[in-house]
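# An overview of the molecular structure
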Amino acid sequence: MSRTVTLQVLRAGWCRHLECMADRGGRWASTPFPALCGLIRHPDAGWILYDTGYSEHLFHATQAFPERLYRTAVPVQLPAQEPMHRQIKALGISPGDIRTVIISHFHGDHIAGLKDFPEADFIALGADHQHIERLRGHRWRATLGGHLPALLPADFSARLRVADPCKHIPLPAWMAPFEYGLDLLGDGSLLGVPLPGHSEGQLGLFIPDAQGRPAFLVADACWSAPACRAGRLPASLAMWFSTHHAGQYRQTYQHVGAVLRREPAVAVLPSHCTHAWEAFVDEQ
Ligand SMILES: [Zn+2]
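Thresholds applied
- Residues numbered from 1 in each chain as written.
- Predicted model: local features only at pLDDT ≥ 70, side-chain atom pairs only at ≥ 80, totals over all residues.
- Heavy atoms only, no water.
- Helix = DSSP H or I, 4+ residues; strand = E, 2+ residues; numbered from the N terminus.
- Rg over C-alpha atoms; globule rule 2.2 N^0.38 Å.
- Buried < 20%, exposed > 50% of the residue type's maximum accessible area, 1.4 Å probe, protein only.
- Contact = heavy atoms within 4.5 Å.
- Areas by Shrake-Rupley, 256 points an atom, 1.4 Å probe, with all protein chains shown as cover.
- Lys, Arg positive; Asp, Glu negative; His and termini not counted.
- Charge placed at Lys NZ, Arg CZ, Asp CG, Glu CD.
- Pairing = 2+ DSSP bridges.
- Axes fitted to C-alpha atoms, helices over the stretch in contact; angles between N-to-C directions.
- Phe/Tyr/Trp six-rings, centres within 6.5 Å; stacked < 30°, edge-to-face > 60°.
- Core = buried A, V, L, I, M, F, W, Y, C linked by side-chain atoms within 4.5 Å.
- Salt bridge = Lys/Arg side-chain N within 4 Å of Asp/Glu carboxyl O.
- Polar contact = N/O pair within 3.5 Å; in protein donor to acceptor, adjacent residues only side chain to side chain.

The helix and strand inventory of the protein stands at 12 helices and 13 strands. By the compact-globule yardstick of 19 Å for 284 residues, the protein fits well, its C-alpha radius of gyration being 17 Å. With the C-alpha coordinates of the protein rotated into their principal frame, the extents come out at 50 × 40 × 35 Å. Within the protein, the proportion of its 284 residues that are buried is 57%. At a minimum sequence separation of 6, the contacts of the protein that also span at least 24 residues come to 63%. Total accessible area computed for the protein in this model is approximately 12,100 Å², and 55% of it derives from carbon and sulfur atoms. On the protein, the mean spot of the 25 positive side-chain charges and the mean spot of the 26 negative ones are 5 Å from each other.

Next comes the structure, spelled out in structure tokens:
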């Protein structure tokens, strides 16, 4: 096997929102927001996913009220071949070949497919996992915050490796103001970067060398790379609904914007940005 880490960015469904929700300079027009995932191949650790996007499990988890409000507020489109477990099969990879799923955070659009990967271990920040566990039995509060605990496999806790104790290693100086990453595999190839504000603990992923270029998967730290690069925040309403801590969110947003402006060679990939996704695919 090649010693190179490879990264493909795949869409597992999408929802529609007003464009101006992600970019307050955007149009008052409905636009698709893809649920993007990273499919990573590591020379020793094998196949790894960064998030799972949407899956059929989301529809089961949102059949009853109040969870049904989730799908009413965020209408999801998921063509039959688009759930990640089907897409990877089309690439010749069995769902059982996915050995690790790195979870950016526990909102439904990032974890809906966890049950589709029975052999995978999970990596996430501890505070974010504890948050969704505390929401079990608090159905309204969970739903209004975008959390659907029913999406977690029954044995989730036993398969979880908390990222927090991983060795902190310095990031390259050009990633400033981000200073360190959590060495998720112990070889410096995949570095978890805390991106606080959007959720209780959001884990970005910096890949120093994804087939010859650095990639930075930033989940929901921003929704539109062009807006973040220009320093335009999401709409106030979107921030109010979907940020756990507004001050931390703004700071993380500024930090991602600084990297976007200064380092065009870094593929900065928000989970829901069509623009960044298409640019990355074009360059592959
Ligand atoms: Zn989110």
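Bringing the sheet that holds strand β13 (residues 267-270) into the picture now. The six strands lie next to each other as β8-β9-β10-β11-β12-β13, forming an open sheet whose pairing is mixed. Each edge of the sheet is formed by a strand with only one pairing partner; in this case those strands are β8 (168-170) and β13. Each adjacent strand pair in this sheet contributes to an overall mean axis angle of 30°, direction not counted. Relative to strand β11 (residues 203-210), strand β10 (residues 191-194) runs antiparallel, the two sharing four bridges. Counted as the bridge partner of valine 193 is glycine 204 from β11.

The subject of this paragraph is helix α6 (residues 126-134). Within α6 the residues assigned to the buried category are Gly126, Asp128, His129, His131 and Ile132. Packing partners of the buried residues in α6 comprise α5 (108-111), β6 (121-124), α8 (156-159) and β7 (160-162).

Going through the model one piece at a time under the given rule, you end up with seven aromatic pairs. Summarising the aromatic geometry, the rings of phenylalanine 206 and phenylalanine 216 are spaced 6.2 Å apart at their centres and angled 85° between planes, so their arrangement reads as edge-to-face. One end of the pair, phenylalanine 206, is in strand β11; the other, phenylalanine 216, is in strand β12 (residues 213-219), with 10 residues separating them in the sequence. Take phenylalanine 206: its relative accessible area is 0%, and that puts it in the buried class. For phenylalanine 216, a relative accessible area of 0% puts it in the buried group.

For histidine 85, the position within the fold is in helix α4 (residues 84-90). Overall, the relative accessible area of 11% leaves histidine 85 in the buried class.

Moving on to the nonpolar core. Side chains of a nonpolar character, in soluble globular proteins, are inclined to be buried together. With 55 residues, the main nonpolar core has Leu7, Ile40, Ile102, Leu205, Ile207, Phe216 and Val256 as its most contacted residues. In contact with leucine 7, other than residues within four places in its own chain, are Gly38, Leu39, Ile40, Ile207, Ala210, Gln211, Ala215, Leu217, Leu269, Phe280 and Gln284. Counting residues in hydrophobic clusters, the runner-up holds 36 residues, among them Trp47, Ile98, Ala120 and Leu160.

A few words on the pattern of salt bridges. What the rule picks out here adds up to seven salt bridges. In this structure, the salt-bridge partner of arginine 159 is aspartate 155, at a minimum N-O distance of 3.0 Å.

Before going further, it helps to spend a moment on the sheet that holds strand β3 (residues 46-50). Strand order in the open sheet formed by seven strands is β4-β1-β2-β3-β5-β6-β7, and the pairing between neighbours is mixed. Looking at the sheet topology across the chains shown, the edges are occupied by β4 (76-77) and β7. Here strand β5 (residues 98-102) runs beside β6; their pairing, made up of three bridges, is parallel. Counted as the bridge partner of threonine 100 is aspartate 121 from β6. Contacts from helix α12 (residues 274-283) reach β1 (6-18) and β2 (30-42) within the one sheet, and its direction differs from that of β1 by about 155°.

Turning our attention to the side chain of aspartate 128. Tracing the backbone shows aspartate 128 in helix α6. It is arginine 134 that comes nearest to the buried, bridge-free aspartate 128 among opposite-charge side chains, at 8.1 Å. Here the side chain of aspartate 128 touches glutamate 200 through a polar contact of 3.2 Å, landing on its backbone nitrogen. Residues within four places of aspartate 128 in sequence aside, it is in contact with Ser104, His105, Phe106, Ser199, Glu200 and Gly201.

Glancing now at the pairing of β5. Burial within β5 is extensive, with four of its five residues counted as buried. One ladder, built from four bridges, connects β3 with β5; its direction is parallel. If you follow tryptophan 47 over to β5, its bridge partner there is isoleucine 98.

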